[in-house]
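Each chain, written out:
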Amino acid sequence: MSEPSIPYTGPERVFSGVQPTGALHLGNYLGALKKFVTLQDTHDCIFCVVDLHAITVPQDPKTLGHNTRKITAAFLAAGLDPKRAVIFVQSAVRAHSELAWIFNCSARMGWLERMTQFKDKAGKDKERASVGLFAYPVLQAADILAYKATHVPVGEDQKQHLELSRDIAERFNRDYNAPGFFPLPEPLIKGPGARVMSLKDGTKKMSKSDLSDLSRINLEDDADTISRKIKKARTDPEPLPESTDGLKGRDGAANLVGIYAALADTTDQAVLDEYAGKGFGVFKPALAELVVQAITPIGQELERVNADPAHIDKVLADGAQRARAIADPIMDDVRHIIGFWGS
Ligand code: AMP
Ligand code: TRP
């Protein structure tokens, strides 16, 4: 869709969310958490544990709250500062559900039918998928726009959802004759860590739900486990090439080079400049050392944070209050724009 005639002129704000559906891994760290930590120095940031998204597929009520605390702990252990960034749980702020409903009436069936994540998650039997799973990206748009967030750090897999958020914002502004009311949020995806692949299959993304634990590095893994998983990562017998062109068709190798580049804050080409001609017998131990350096301090910090659930709950309660204070006046304006009684 084209740019709106009157652009949004409000302040910049960052929003992102992570589902409480299991332990976080290196992909989550490089695609999301590492960027969150950098952004809190330069932007107003809001980070959300998205439990309303989690229930689009069945969740056990006995573990949902526990998993929510665990993701919050990972935010803190990775270096988010709850005094600066707002850290909270989605279900604690009603604006998300309310705006999602309103956006359900702006979004179009055809837009949602194109979403590849729905097709992947619903599988063959899409008649049995929940309506919530279908409307998942609409709730995501509501998360972002309830705060008029302008920038959204995410991994590559969220690109299509972010495009939909822009379409919804634009459609709302146009349908209700409110030009520039909602910003068109911009994804922050770039960089070598945006798409970390499985260590066992370089064509599949690293995922919490992969049955093989060897496919991913968890933030909780100790140094030995990390080294063993990298040693076992599927690659090929060729030495590393001189340029990134030489990584084409070598998914396993390309993935490890990308992970190295993301952790060293450099580019794939710079990594190849250093390791061209060397085999994995040399490269894997060097990579393992980098991953251990980045991940094991977070694992240790996680243990410390998890030992104090009262602190986690305090962070979340305080975060919810601050989140409401931002979203409530925006929702008052939304109700007024739509013309709801009493607004
Ligand atoms: P999720 O665990 O699906 O809620 O994802 C949380 C964040 O991590 C999102 O920004 C995802 O895009 C990002 N993410 C998940 N898996 C990966 C991956 N394999 N590589 C890079 N980013 C990822
Ligand atoms: N859909 C995202 C994921 O699975 C999580 C998410 C929910 C999100 N709401 C968001 C990400 C808002 C960014 C902004 O990873």
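Residues numbered from 1 in each chain as written. Chains lettered and ligands numbered in written order. Predicted model: local features only at pLDDT ≥ 70, side-chain atom pairs only at ≥ 80, totals over all residues. Heavy atoms only, no water.

Asks: Account for the packing of aromatic side chains, naming residues and giving values.
Replies: What describes a pair of aromatic rings is the distance from one ring centre to the other and the angle between the planes of the rings. Here the structure, examined in full by the defined rule, presents 16 aromatic pairs. Aromatic pair F36 and F75: ring centres 6.0 Å apart, planes at 75 degrees, arrangement edge-to-face. One end of the pair, F36, is in helix α1 (residues 26-39); the other, F75, is in helix α3 (residues 61-78), with 39 residues separating them in the sequence. A relative accessible area of 0% places F75 in the buried class. Members of the aromatic cluster, joined through ring pairs, are F103, F172, Y176, F181 and F182. Lying across the ring of F181, K148 places its NZ or CZ 3.8 Å from the centre. (Phe/Tyr/Trp six-rings, centres within 6.5 Å; stacked < 30°, edge-to-face > 60°. Helix = DSSP H or I, 4+ residues; strand = E, 2+ residues; numbered from the N terminus. Buried < 20%, exposed > 50% of the residue type's maximum accessible area, 1.4 Å probe, protein only. Lys NZ or Arg CZ within 6 Å of the ring centre and 35° of its normal.)

Asks: Talk me through the site of ligand 1; I want residue IDs and the actual numbers.
Replies: In the vicinity of ligand 1, 18 residues are found, and the nearest of them are G155, D157, V196, M206 and K208. Between a nitrogen atom of ligand 1 and a main-chain N or O atom of V196, the distance comes to 2.8 Å. Coverage of ligand 1 by the protein amounts to 91% of the 490 Å² it exposes when considered alone. Because more than half of its atoms lie within 2 Å of the grid, ligand 1 is assigned to the largest pocket. Ranked by residues supplied to the shell around ligand 1, first place goes to α1 with four residues. (Near = heavy atom within 4 Å. Polar contact = N/O pair within 3.5 Å; in protein donor to acceptor, adjacent residues only side chain to side chain. Areas by Shrake-Rupley, 256 points an atom, 1.4 Å probe, with all protein chains shown as cover. 1 Å grid on protein atoms, 1.4 Å probe; cavity = no way out; pocket = protein on both sides within 12 Å on 5 of 7 lines; lining within 4 Å. Sits in = over half its atoms within 2 Å of the grid points.)

Asks: For the pairing of strand β3 (residues 86-89), give the residues involved together with the corresponding values.
Replies: Here β3 shows two buried faces, one formed by V86 and F88 and the other by I87 and V89. Sheet topology note: the strand β2 (residues 45-49)/β3 ladder contains four bridges and is parallel. When the bridges of β3 are listed, V49 appears paired with V89. (Pairing = 2+ DSSP bridges.)

Asks: Give me empty space enclosed by the protein: which residues, what numbers.
Replies: Per the counting criterion, the structure on display carries two cavities of 30 Å³ or more. In this structure, the largest cavity encloses a volume near 90 Å³. Taken together, G22, A23, L24, K70, I71, A74, N218, L219, E220, L302 and N306 make up the full set of residues lining the largest cavity. If you list the elements that add at least two residues to the lining of the largest cavity, you get α3 and α12 (280-306). For the lining of the largest cavity, the element with the most residues is α3, which contributes three residues. Taken together, the residues of the lining of the largest cavity break down into six nonpolar, three polar and two charged. Taken as a whole, the second largest cavity encloses approximately 40 Å³ of empty space. Around the second largest cavity sit M115, Q117, F118, K121, L133, Y136, P137 and H161, which together line it. For the lining of the second largest cavity, the per-class residue count stands at five nonpolar, two polar and one charged. (Points joined across faces, edges and corners; volume = space filled by probe spheres on them. Nonpolar A, V, L, I, M, F, W, Y, C, P; charged D, E, K, R; others polar.)

Asks: Can you explain the nonpolar core? Please cite residues and give values.
Replies: Core analysis: the largest hydrophobic core is formed by 60 residues, its most contacted members being Y29, F75, L219, I259, F283 and V291. Element by element, the count of residues in this core is highest for α12, at twelve residues. Beyond its immediate chain neighbours, meaning those up to four positions away, F283 contacts L240, L256, V257, Y260, V271 and Y275. Counting residues in each nonpolar core, the second largest holds 48 residues, with V86, L112, M115 and A320 among its members. (Core = buried A, V, L, I, M, F, W, Y, C linked by side-chain atoms within 4.5 Å. Contact = heavy atoms within 4.5 Å.)

Asks: Describe the layout of surface pockets, and please don't skip the residues or the numbers.
Replies: Over the atoms rolls a probe the size of a water molecule, and its path tells where empty space is left. Computed from the structure, the largest pocket encloses a volume of approximately 1,200 Å³. Looking at the largest pocket, it is lined by 42 residues, and the ones nearest its centre are Q19, Q117, D157, Q158 and K205. Of all elements in the fold, only β1 (14-18), α1, α6 (116-122), α7 (131-145), β4 (151-153) and α8 (159-175) reach the threshold of two or more residues within the lining of the largest pocket. Among the residues making up the lining of the largest pocket, the classes are represented as 14 nonpolar, 20 polar and eight charged.

Asks: Quick rundown of the packing of α3 against α12? Include the residues and the values.
Replies: Packing of α3 against α12 brings their axes to within 8 Å, and their N-to-C directions diverge by 125 degrees. Classed by the angle they form, the pair α3 and α12 counts as oblique. Read as a crossing pair, α3 and α12 show a hand that is right-handed. Contact residues: K70, A73, A74, L76, A77 and A78 in α3; I298, E301, L302, V305 and N306 in α12. Residues belonging to the contact of α3 with α12 are distributed by class as follows: eight nonpolar, one polar and two charged. (Axes fitted to C-alpha atoms, helices over the stretch in contact; angles between N-to-C directions. Parallel < 35°, antiparallel > 145°, perpendicular 65-115°, else oblique. Left-handed = near helix turned anticlockwise from the far one by under 90°.)

Function cannot be inferred from these measures alone, as they are strictly geometric.
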